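Chain residues, written in single-letter form:
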Amino acid sequence: MADATTAAPTRAGDSRPSLLPEDDLGRRGLFLMLAGWVFVLQAIHAGLRMLEDVMNGLPSWPVWAYSSIVVLSIIAAGLVFSSRSWGFYGAAAIAVLIAVWPLPAPTGGFVVFSGIELVLLALGMRAVGHPEAIQLAAATVPWRARVGVVQAVIAIVLVRVFLALEFDIPWIREHAWNIISKGLPLTLLISVIAIALAIVFALFGALARMSRNPVAYGLAGFYTSFFRGTPLIVQIFLIYFGLAEIGVRVRGTPLEPFGNLITLENTIAAIIAIGLNYGAYMTEIFRAGIQSVGHGQAEAADALGMSYGLRMRRIVLPQAVRVIIPPTGNEFIAMTKDSALAFTIGVLELFRRGDLAGREDFRGFEAYLIVAAVYWAMTGVLTFFQARLERKMGRGYVRAGEAGTKRTARKRTYLPTPAAQPGVTFVPGAGHGSGGGPGGAIFVTDDEGSTRSFGIDGTTSEPGRDEDER
Amino acid sequence: MTFDGEAVVKIRGLHKRFGALEVLKGVDMEVRQGEVVVIFGRSGSGKSTLLRCVNFLEDPTEGTIEVAGIQLEGGHRTKQQRDKIRKLRTHCGMVFQQFNLFPHMTVIGNVIEGPIRVKGVPEKDAHALGMELLSKVGLAEKAEEYPIRLSGGQQQRVAIARALAMEPDVMLFDEPTSALDPELIGEVLAAMRSLATELHMTMMVVTHEMGFAREVANRMCFFHEGVILEEGSPTDLFEHTREPETKKFLEAVL
């Protein structure tokens, strides 16, 4: 950041204010940016205080007063971010107005907010009249930090809303472990066995769908069509209740042992139904993955004298797996969540455990939140392992130097070294790098015509380091 | 140089139809031990199809193919015939225009895959043979790399080593340099040349590299509309061209 103080000569005869004047414009802009954000926080805080006071039934400010603070704070934030001089003074005026608000019962906090805002505005005053200052400052804050702030605010808001709405934390403490320890193992069991089944079904389904054997092709076509074309819950009921009824109908006939066989435990019925259903979807994934392996690969294997089985096992499937893993991971994540449907046939898995506990004490909100949090954490863990597996499978597909491009590009800072005779342009919305950050980039061209660009998401590129050249 | 030995490849009355389109209209050809045959002609003349029929990557519609004493007719396939085709293929090394290396295996893994999995060679022996072949094509130090990190020319040389590792009786080259940048063609042709001159490998080469043909080929076959229109030594073909079509083609590519 200290580099921001570096003087960059302004082109002679150029009356526009230079992007990088002697003053540390970036740092001044940063104060303005922070002031804007404090206004936003103030608006959020006012809204939450209103909610808390209403719920607590406290004698406090009327709702319209809180609402006014929310609206005024949002306007002030907009004024600051507008980067206009009058916006700056307008925002300062609003800060003063809120600080001296002539209403009873100082429920607190707003004077402190106004104080912070006024100090930040004062510190950033020298950047007033430089519309690019805030964007320049934003570039100094790493993308991750900015996202982190937003996520932290979301978390704080959620917690305060829950607390204001009489969220029963002691109840959660008391029941969470019980729900999780009884329900999670069964949910995991269902998911893991069902995905294993689904993979087996999908592999055979895919090979059959590519087969020239009409029996195999026809059977696989029927399988995928039926299980993709009907709701999962209908399939669960069909396999649990439906088959059990067949079992009753054949009682006393020579078919009775068969009838007993298809009368299933509810957990087993759920596993089979979910496995069949997901296997049908994954058949198409596997088929696409196998067909994505180039025809030349099969020919090369054939030319070596390989049999069909050997060719599949050694050449085609290992390459197909790389394509198959990401969508299969998604299916597994979806399946983990759909395992909750097993509750409909009386399986006491995670969701049903939470449901029962919540109903008993009229604590449904708390109970369902626990359940949701556990599913969420589970899918998070799965996503993590999926990403690792994908990286491992990527060996043999990465050229030298490509690995980690994203990472190295991310950690660079934005500020230019002084160019001999620079032309500097800021292009809002300009795409930069491969990162998914919001657009915007600063382009610095030196007199030899070589251009460096600095994305406001903190990425840079330099001549000779263009990604294309690798 | 004459070749009196046993014919390694015998092709009799070969026809190949794709639906209504007849690509090969009766081809007879013999390739003897140690002979280098260059097959050339316009695109669509059937030269690649001929090569692919030799190891049954394309099923001949009619005719007989014999490689290293294994003889097969074109037409419908029984299980026994499919096994026989696989046996025949182990006697043919094939090099493709697009290299077709296995991207999920290292260079050495590509080379030893066939010997280990198909011929059942012990891994140690296969590895030793593989390294020897890789040094022959000048890529021993790349053995542990993955193919994507190699240049096109290097990949094609690995493909040659992979085909050689099966210790084939005949090598089939299907336009081996057509997918390469001009500056990489030389290294592949050099590897092929040393196959012919040092190992006395029997080779059938579909190519447009007329310099290579003149220097290395023992015999050249000009393909035109599904038949061999003219064949002979490079001297015959280049200096005493008989057919006007051949003349036209050579003038166009030289």
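Residues numbered from 1 in each chain as written. Chains lettered and ligands numbered in written order. Predicted model: local features only at pLDDT ≥ 70, side-chain atom pairs only at ≥ 80, totals over all residues. Heavy atoms only, no water.

**Notes on the sheet that holds strand β1 (residues 7–18) of chain B**
Residues and elements named next belong to chain B.
- Within the open sheet, the 4 strands sit side by side as β2-β1-β4-β5. Their pairing is antiparallel. The open sheet is flanked by β2 (21–32) and β5 (70–73), the only strands paired with a single partner. Across this sheet, the average inter-strand angle for adjacent strands is 15 degrees, counted without regard to direction.
- As paired elements, β1 and β2 share 9 bridges and run antiparallel to each other. Residue Val-9 lies in a different strand from β2, and its bridge partner there is Val-31. (Pairing = 2+ DSSP bridges. Helix = DSSP H or I, 4+ residues; strand = E, 2+ residues; numbered from the N terminus. Axes fitted to C-alpha atoms, helices over the stretch in contact; angles between N-to-C directions.)

**Quick word on the sheet that holds strand β10 (residues 227–232) of chain B**
Residue and element names in this part refer to chain B.
- Spatially, the 6 strands line up as an open sheet ordered β6-β7-β8-β3-β9-β10, and their pairing is mixed. Whereas interior strands pair on both sides, the edge strands pair on one side only; in this sheet they are β6 (92–95) and β10. Within the sheet, the average angular offset between the axes of one strand and its neighbour, ignoring direction, is 20 degrees.
- Both strand β3 (residues 36–41) and strand β9 (residues 219–224) contribute to a ladder of 5 bridges, which runs parallel. Residue Phe-40 lies in a different strand from β9, and its bridge partner there is Phe-222.
- Packing of helix α6 (residues 182–198) onto the sheet brings it into contact with β3, β7 (170–174) and β8 (203–206), and relative to β8 it is tilted by some 155 degrees. (Contact = heavy atoms within 4.5 Å.)

**Structural notes on the confidence of the model for chain B**
- Residue-level pLDDT values for chain B average 93, and 99% of them are 70 or greater.
- Interface scoring of the predicted complex returns ipTM 0.93; its pTM is 0.69. (pLDDT = per-residue confidence, 0-100.)

**So, the packing of helix α1 (residues 25–56) of chain A against helix α5 (residues 133–140) of chain A**
Residue and element names in this part refer to chain A.
- The contact between α1 and α5 brings their axes to 7 Å, and the two run at 95 degrees. Here α1 lies roughly perpendicular to α5, going by the angle between them. Each of Leu-25, Gly-26, Gly-29, Leu-30, Leu-32 and Met-33 in α1 lies in contact with α5, whose residues at this interface are Ala-133, Ile-134, Leu-136, Ala-137, Ala-138 and Thr-140. (Parallel < 35°, antiparallel > 145°, perpendicular 65-115°, else oblique.)

**So, the pattern of salt bridges**
- Across all of its chains, the model carries 31 salt bridges over all chains by this definition.
- Two residues, Glu-52 of chain A and Arg-49 of chain A, come together in a salt bridge whose shortest N-O distance is 3.8 Å. With Glu-52 of chain A and Arg-49 of chain A both in helix α1 and 3 residues apart, this pair spans about one turn of that helix.
- With relative accessibility at 17%, the residue Arg-49 of chain A sits in the buried group.
- Glu-187 of chain B is the salt-bridge partner of Arg-157 of chain B, the closest N and O atoms lying 2.9 Å from each other. Of the two residues, Arg-157 of chain B is situated in helix α5 (residues 152–164) and Glu-187 of chain B in helix α6; the sequence distance between them amounts to 30 residues.
- The class for Arg-157 of chain B is buried, based on a relative accessible area of 13%.
- Each member of the salt-bridge network shares a partner with another, and the members are Arg-49, Glu-52, Asp-53 and Arg-160 of chain A. (Salt bridge = Lys/Arg side-chain N within 4 Å of Asp/Glu carboxyl O. Buried < 20%, exposed > 50% of the residue type's maximum accessible area, 1.4 Å probe, protein only.)

**Thoughts on the interface of chain B and chain A**
- In this assembly, 24 residues from chain B lie in contact with 22 residues from chain A.
- The contact between chain B and chain A buries some 2,200 Å² in all, and 59% of this surface belongs to carbon and sulfur atoms.
- Looking only at chain B, the three residues that lose the most surface to chain A are Phe-102, His-104 and Ile-148 of chain B, adding up to 25% of its buried area.
- Put simply, chain B and chain A have 2 salt bridges between them.
- Between Glu-113 of chain B and Arg-314 of chain A there is a salt bridge; the shortest N-O distance is 2.7 Å.
- Linking chain B with chain A are 6 residue pairs in polar contact (both at pLDDT 80 or more), by the criterion used here.
- Broken down by secondary-structure element, the contributors of at least two residues to the side of chain B that touches chain A are α2 (79–89), β6 and α3 (107–119) of chain B.
- Take the side of chain B that touches chain A: its biggest share by element is 4 residues, from α3 of chain B.
- For the side of chain B that touches chain A, the per-class residue count stands at 12 nonpolar, 5 polar and 7 charged. (Buried area = accessible area lost by both parts, 1.4 Å probe. Polar contact = N/O pair within 3.5 Å; in protein donor to acceptor, adjacent residues only side chain to side chain. Nonpolar A, V, L, I, M, F, W, Y, C, P; charged D, E, K, R; others polar.)

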